[in-house]
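Residue strings, one per chain:
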Amino acid sequence: LKQADPNLWKVYGLGERGTTQDTIYHSFELYDSIEGDFAYGMDFGFNHPNALVKVTRIENSLYFEQKLYKSHLTTSELIKEVKDIVTNSLVYCDTARPEIIQDMVLNGINAYPADKSVKEGIDFIRSHKIYVHRESIELQKEFRTYKWKRKPTGEILDEPVKMFDDAIDASRYGAMSFKNQYTAPVLMGFR
């Protein structure tokens with residue numbers, strides 16, 4: 001962490017305050033409840049958390065609610081957890097694990113491969129007013145600490161630091177479903 005992102009090292013390694021000039025999402029507001037069109041985004045992990053985030057879009061606002069944030073789940077445990085949360089809703093999943101997406105589909109979950117366009121997804125989210133559910137603690141932390149990479153010269157790159165981004169990635173997958181409005185299963189041949 002000290003080498004990858006000195007600012008995150010200040011926060012997580014030394015317990016000091018970080019700087020915000022390279023923060024990707026500069027602000028968000030908290031909310032308690034909302035109703036509207038929604039989809040779920042799912043980022044797979046094992047040592048890192050599996051993250052499931054409900055994304056609701058209303059006009060020019062996106063509302064994010066962390067529904068699952070757990071590490072060390074087997075595929076069958078993960079499927080059970082997701083089935084307990086999601087009922088007949090679309091779940092846009094990390095394409096790095098197509099076998100888990102397939103297992104989810106076989107177990108009755110409407111799981112689809114997500115659009116993983118990182119910069120395009122970040123720009124799409126940033127073009128909206130952002131709200132994060134009051135009880136989504138890990139997601140709030142990730143929104144606050146998600147940073148752009150820097151060159152050793154200090155120049156900020158258009159690429160995020162790949163740390164502390166599990167729920168953020170899940171959020172982006174769910175949000176991109178509103179941008180794309182496509183039927184992903186056809187692309188991967190799951191159905």
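Preceding this section is the structure that the text describes.
Residues numbered from 1 in each chain as written. Predicted model: local features only at pLDDT ≥ 70, side-chain atom pairs only at ≥ 80, totals over all residues. Heavy atoms only, no water.

### Observations regarding the packing of helix α2 (residues 75–85) against helix α3 (residues 98–106)
Phase 1: Relative orientation of the contacting elements α2 and α3 amounts to 50 degrees, with a least axis distance of 10 Å. Taken together, the axes of α2 and α3 lie oblique to each other. Our pair here, α2 against α3, has a crossing hand that is right-handed. Contacts between α2 and α3 pair Thr75, Leu78, Ile79 and Val82 from the former with Ile100, Asp103 and Met104 from the latter. (Axes fitted to C-alpha atoms, helices over the stretch in contact; angles between N-to-C directions. Helix = DSSP H or I, 4+ residues; strand = E, 2+ residues; numbered from the N terminus. Parallel < 35°, antiparallel > 145°, perpendicular 65-115°, else oblique. Left-handed = near helix turned anticlockwise from the far one by under 90°. Contact = heavy atoms within 4.5 Å.)

### Quick look at the pairing of strand β3 (residues 50–58)
Phase 1: For β3, a buried count of seven out of nine residues is recorded, marking the element as mostly surrounded by other parts of the structure.
Phase 2: The pairing of strand β2 (residues 37–43) with β3 spans seven bridges and is antiparallel. Each residue of the ladder has a partner; that of Asp37, found in β3, is Arg57.
Phase 3: Count of turn residues in the β2/β3 antiparallel hairpin: six residues.
Phase 4: As judged from the nine bridges shared by β3 and strand β4 (residues 61–70), these two strands associate in the antiparallel manner. (Buried < 20%, exposed > 50% of the residue type's maximum accessible area, 1.4 Å probe, protein only. Pairing = 2+ DSSP bridges.)

### Focus: the nonpolar core
Phase 1: Counting residues in hydrophobic clusters, the biggest one holds 23 residues, and the most contacted among them are Tyr25, Phe64, Ile130 and Phe143.
Phase 2: Looking at this core, the element that brings in the most residues is helix α6 (residues 166–180), giving six residues.
Phase 3: If you look at the next biggest cluster of nonpolar residues, it comprises 18 residues, including Tyr40, Ile79, Val91 and Val105. (Core = buried A, V, L, I, M, F, W, Y, C linked by side-chain atoms within 4.5 Å.)

### Looking at the environment of Phe64
Phase 1: Here Phe64 is to be found in strand β4.
Phase 2: Taking C-alpha positions, Phe64 is 9.7 Å from Ala167, a pair spaced 103 residues apart along the chain.

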